[in-house]
Structure formats: structure tokens, C-alpha cells
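Survey of secondary and tertiary structure
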Amino acid sequence: MIRHEPGTPNKKLETGLMFKRKHYIALALVTVTILVILNLPSRTAARLKTAIGSIFLPLFGLASSTHRVLDKAGDAITTRSELLRQNEALRLENQQLRMQALQAQEAVRENERLRRLVGWQQQKRWNLKLARVVLRDPANWWRTVQIDRGTKDGMRVDLPVLTTNGLVGRISAVSYDRSQVVLIGDPNCKVAAQIVNSSGDMGVIGSSGPFDGSLVEMTHLSKNAALQPGQDVITSGLGGIFPEGIPIGKVVDFRQVEYGLYTEARVKLAADLSALDEVWVLFK
Amino acid sequence: MNLLNSILVLLAVFLAVFWETAFSGIRNVFGAQIHLLPALMVCAALSTGLATTTLASVLGGLFFDSLSANPLGVSVLPLFLVGFAIHTQRELILRDQIFAQFVLGLSASGLVPILTALLILTKGEPPLLGWGSLWQWIVVTVGGGIATPICFQLLGMFDRMLNFQAATQTSFRHDREIRRGRK
């Protein structure tokens, strides 16, 4: 009778087989799980994503309170003379803005009166809601952020998001208390835009480079477009997502493409997308 | 390898994903966010069992994708493959050497984004890629390489703090008894 001592070749072979079997099982399990998850219907995948993401909610609350505490600590060490200087600058700015608001109110009244006379439809006023940016996309190949407003605050997909400087993007996914905002420059955020010049050239704002998110491409401009560096770019209102007239940025340069059939321009965004803290969601 | 070690690795995975989304200081300076999960996969593959390595890759990938615009589950397979490959060769790796940890972290951090990008492209959702992505890849790879020995040190420190320590062997040996005096 042959006895196998521990450590003899047969025992080693058995252990090796078990080792390999365990590895194969793990590999198969993970592959099958991932294939199932990747082929889930988009609605189910979105719900699953929201459910998994909600595990992080307590930490985001903690992070925002930490930011607030740090901000307050920063305020506490600001000198009195600095505060007085800031106060004076803000008082002057406030006066200027009040004057501009008075002029704008008068212009709005005149606009409404003229529209009534001509019989055009009245323009709806913008309804804005403030939201705080709670996180940025961890992947380097997407440009998205998440804000602390969800369906409980009336958020829905495709609502425009902006700052006081200009357009930021649109809401691409909504959960109960969070929303994902896809920023301008992301491949999934195209904006119908117009150049503020004599011919009002129209184009589409597409994706940016992966490195510099402040410069975006404006494509589909006609070959005869009267472009000049420094011209303002605003939303054209076409496409139905973004209302007309929201500032996007300024033309930096332009070039002919497709053997001179079209013109492409590079646009410097008005809003600083790398330092987003608070944004406004626009309800149409 | 014990339960506490596994819990530490999984907790580190959770916190790493949160850090990547909530703090963007490195992104603002270098133009790319560092990916800590490949570094943690190296730690998991070398210091825990296959079950923990698998669990870390699945949970880490799902956590990452849930807070990103990635299709859900796309990050799991690259992380798992890296962890799996290292785990199968763990007996041949000098896991306590900082240079070995750095090289493994560098390789893992370089490989995971490429595999993930390929999977996303296969899924038909073109991400934002261009020449600038090369710089981002270098930042992610080098950052991951540097982060790996740090992760090893931190996990080791917490393990020493929270775990029972192995009893040290006495220096006294019975077979080397010194006999004094003359017979």
C-alpha cells in the first residue's frame, strides 16, 4: 500500500489543481457578473447606479460640512481692513447692479409692450434654483459633476445649468436627492450656438480636448462665416434644450476644414468649469 | 491574512473612491485625477486571499462607476484582471520591497485605464480621448506607482494597530546551552 505524505508530489498536484480550480471559478464568476451588469436595460442600470452611489451620501455630507468649516475658519482670520475694503467694493458693485436692473426692467416692460402690439408670444421669465456641486467625475475621460438637488427639488433630465458667467451644461441623470450634470466639452453635451456678429452665424459646440477643458470646438459653421477672435458666443435656442441668449464664451481662433467646406472655431468658455462650487439650474 | 485585513482593504477601496470624487486638488494641478484603485488591488492581491481580491475589484469598480459617467460595471474587469494576475504570481514577488511595490503599482495603474477605455469604446460610448490623454495617462500611472507603497505602509500600520501581534521568539536555544566550569 502506498502512503502519500504531506508535501509529496501527488499532494502537491492536488493542491495545485484546487488552486487553479479556485482561480477559474473566480474568473468565471466575475466575467459572468460583469456581462450581466453591462447588458442590463439602461433604466435598470441607472437605478442600480443610483442605489450604489447613495452609499456615499453620508461622506458627501461630511465633506461639504468640512468645506463650510474651512471657509468659516478662513473668514475668521481675514483682517478688519480687508473686510472693510471688500464691503466697500461690494457696496459699489451693488449700486451699479441696481442701476442696471432698473434699466433692464424698463427694457423688459418695453419688450413686452412691443410684443403685445406685434402679436408675438410673450417670453417666459427664467426660473432659477441654486445647487451646490458635491462631486466631480473620478474618470478623466468624462466631464460631469453631481449637484445636491434631485427629483425632490423638481430636477429633471435636460434642464440647463449655468453660473453667473455663462452656460455650464445640462442635467443628464436624476435621482431623488442628486443630479448628474454633463458639462460643456463632454462628448455627450452638444449645444446649438450662435456667434454675436452681423450675420449671426450658427454652429454646434462640441467636445473639448481631454487636457484643457476651458477651450471647446464650435463646428458646423458655414464657410463664409464672418468670424473674428473675441466675438461672443451665445446659445441659439435651437434644439429645444437651452433657451436663447445664454452666454457660452468668446471665439479664440478659427480654421477652414473639409477642404474649405466648413469653418471650425475654438471657443474659450465664459464659465470656469474647473472651479465650480455653486451653479444655477434653469427651469423653463 | 485574516478578516480584519480584508475589512481594511475593502474600507480603503470605499474611501479611495470617495477621495477621487470629492477632492480634485491633484486634478487642478496636473490636469488628471489619480486612480487609487489599481494601487489598492496590488495591496489586496499581495496581502489578502483571492476572495478579498475579487470582492475588492467588484466593489471598487461598481463604486467608481456609480459616481462616474462610465457604464456601470466597466471598471470591474480591468481591476479584477490586474489583481488576479498579481495574485497568481504572488509567490514569486518580493512583496515587502518598496521598489517591487512601486513597479507593480506603476504597471497596474498604467494598464487599468487602457483596459477600461477599450471596454468603454467597445460598448459604443466614445469617451473624451486625444493627445492630452497621453499626459493624463502618465500622471495616473506615475501617481498610482507612488501611491502603492504608501497604501502598503498605511494598511500595514492599521493592521499592526488593530491586530494581535505574533509573539516574538526567544533568543534562548536549548541546543546551544553554555556549560560553565570544568568537568
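Here the structure is a predicted model, which is why all the values come from computation and not from measurement. (Residues numbered from 1 in each chain as written. Chains lettered and ligands numbered in written order. Predicted model: local features only at pLDDT ≥ 70, side-chain atom pairs only at ≥ 80, totals over all residues. Heavy atoms only, no water.)

Spatial strand order, S6-S7-S8-S11-S10-S9 (chain A): six strands in a closed barrel with antiparallel pairing. Within this sheet the neighbouring strands show an average axis-to-axis angle of 45 degrees, counted without direction. (Pairing = 2+ DSSP bridges. Helix = DSSP H or I, 4+ residues; strand = E, 2+ residues; numbered from the N terminus. Axes fitted to C-alpha atoms, helices over the stretch in contact; angles between N-to-C directions.)

So, about the interface of chain A and chain B. On the chain B side, the residues contacting the 41 residues of chain A number 53 residues. Taking both sides of the interface into account, the surface hidden between chain A and chain B amounts to around 4,200 Å²; carbon and sulfur atoms contribute 74%. Its largest share of buried area at the contact with chain B, chain A owes to Pro138(A), Asn140(A) and Trp141(A), together 18% of the area lost on that side. Linking chain A with chain B are zero salt bridges, by the criterion used here. Connecting chain A to chain B are eleven residue pairs in polar contact (both at pLDDT 80 or more). Mapped onto the side of chain A that touches chain B, the elements with two or more residues apiece are helix H1 (9-38), helix H2 (42-53), helix H3 (57-76), strand S1 (127-136), strand S2 (144-147) and strand S7 (202-208) of chain A. (Contact = heavy atoms within 4.5 Å. Buried area = accessible area lost by both parts, 1.4 Å probe. Salt bridge = Lys/Arg side-chain N within 4 Å of Asp/Glu carboxyl O. Polar contact = N/O pair within 3.5 Å; in protein donor to acceptor, adjacent residues only side chain to side chain.)

This brings us to the packing of helix H1 (residues 3-22) of chain B against helix H3 (residues 37-47) of chain B. Residues and elements named next belong to chain B. Interhelical geometry of H1 versus H3 gives an angle of 175 degrees and a closest axis separation of 10 Å. Looking at the two axes, H1 sits roughly antiparallel to H3. Contacts between H1 and H3 involve Asn5, Val9, Ala12, Val13, Ala16, Val17 and Glu20 from the first element and Leu37, Leu40, Ala44 and Ser47 from the second. Looking at side-chain class alone, the contact of H1 with H3 contains eight nonpolar, two polar and one charged residues. (Parallel < 35°, antiparallel > 145°, perpendicular 65-115°, else oblique. Nonpolar A, V, L, I, M, F, W, Y, C, P; charged D, E, K, R; others polar.)

All names here are of chain A. In this structure, S7 lies alongside strand S8 (residues 215-222), joined through three bridges in antiparallel fashion. Following the sheet pairing, Ser208 is matched in S8 by Val216. Between S7 and S8, which pair antiparallel in sequence order, lie six residues. Taken together, the six bridges between S8 and strand S11 (residues 262-269) define a ladder with antiparallel strand orientation. Looking across to S11, one finds that Val216 is bridged to Val267.

With that settled, the discussion passes to the pattern of salt bridges. Residues and elements named next belong to chain A. Tallied over the entire structure, the rule returns eleven salt bridges over all chains. Residue Asp153 is joined to Arg149 by a salt bridge in which the shortest nitrogen-to-oxygen separation is 3.5 Å. A residue is classified by how much of its surface remains accessible, and Asp153, at 15% relative accessible area, is buried. For Asp158, the salt bridge is made with Arg170, and the minimal N-O distance between the two is 2.9 Å. (Buried < 20%, exposed > 50% of the residue type's maximum accessible area, 1.4 Å probe, protein only.)

Of all hydrophobic cores here, the largest spans 60 residues; its most connected members are Phe56(A), Leu37(B), Leu40(B) and Ile86(B). For this core, the secondary structure elements donating two or more residues are H1 and H3 of chain A together with H1, H3, helix H4 (50-66), helix H5 (76-88), helix H6 (98-123) and helix H7 (132-162) of chain B. Sequence-distant contacts of Leu40(B), defined by excluding residues within four places in its chain, comprise Ala12(B), Val13(B), Ala16(B), Cys151(B) and Leu155(B). (Core = buried A, V, L, I, M, F, W, Y, C linked by side-chain atoms within 4.5 Å.)

The next subject is the packing of aromatic side chains. A complete count under the given rule lists five aromatic pairs over all chains for this structure. Between Phe56(A) and Phe14(B), the ring centres sit 4.6 Å apart and the planes meet at 15 degrees, which makes this aromatic pair stacked. In this pair, Phe56(A) is assigned in the loop between H2 and H3 and Phe14(B) in helix H1, connecting two distinct chains. Side by side, Phe56(A) and Phe14(B) carry an identical accessibility label, which is buried. Where Phe56(A) meets Phe63(B), the ring centres are 5.3 Å apart and the plane angle is 85 degrees; that geometry is what we call edge-to-face. Of this pair, Phe56(A) sits in the loop between H2 and H3 while Phe63(B) sits in helix H4, each in a different chain. (Phe/Tyr/Trp six-rings, centres within 6.5 Å; stacked < 30°, edge-to-face > 60°.)

Let us now look at the packing of H6(B) against H7(B). Axes are the key here: two packed helices are described by the angle between their axes and the distance separating the axes. All names here are of chain B. Remark: H6 packs on H7, axes separated minimally by 7 Å, with the N-to-C direction vectors making an angle of 140 degrees. Judged by the angle between their axes, H6 and H7 are oblique. The two elements H6 and H7 meet at a crossing, and its hand is right-handed. Residues Ile98, Gln101, Phe102, Gly105, Leu106, Ser109, Gly110, Pro113 and Ile114 of H6 form the contact with H7, whose participating residues are Trp137, Val140, Thr141, Val142, Gly144, Gly145, Ile146, Thr148, Pro149, Phe152 and Gln153. Across the contact of H6 with H7, the residue classes break down as eleven nonpolar, nine polar and no charged. (Left-handed = near helix turned anticlockwise from the far one by under 90°.)

Before going further, it helps to spend a moment on the confidence of the model for chain A. Residue and element names in this part refer to chain A. On average, residues of chain A score 85 in pLDDT, and 93% of them reach the 70 mark or higher. H1 is the least confidently modelled element of chain A, averaging 76 in pLDDT, while strand S5 (residues 179-183) averages 94, the highest of any element. Ignoring residues within four places in sequence, the model shows residues 1-7, a span with pLDDT below 50, making four contacts including any to other chains. (pLDDT = per-residue confidence, 0-100.)

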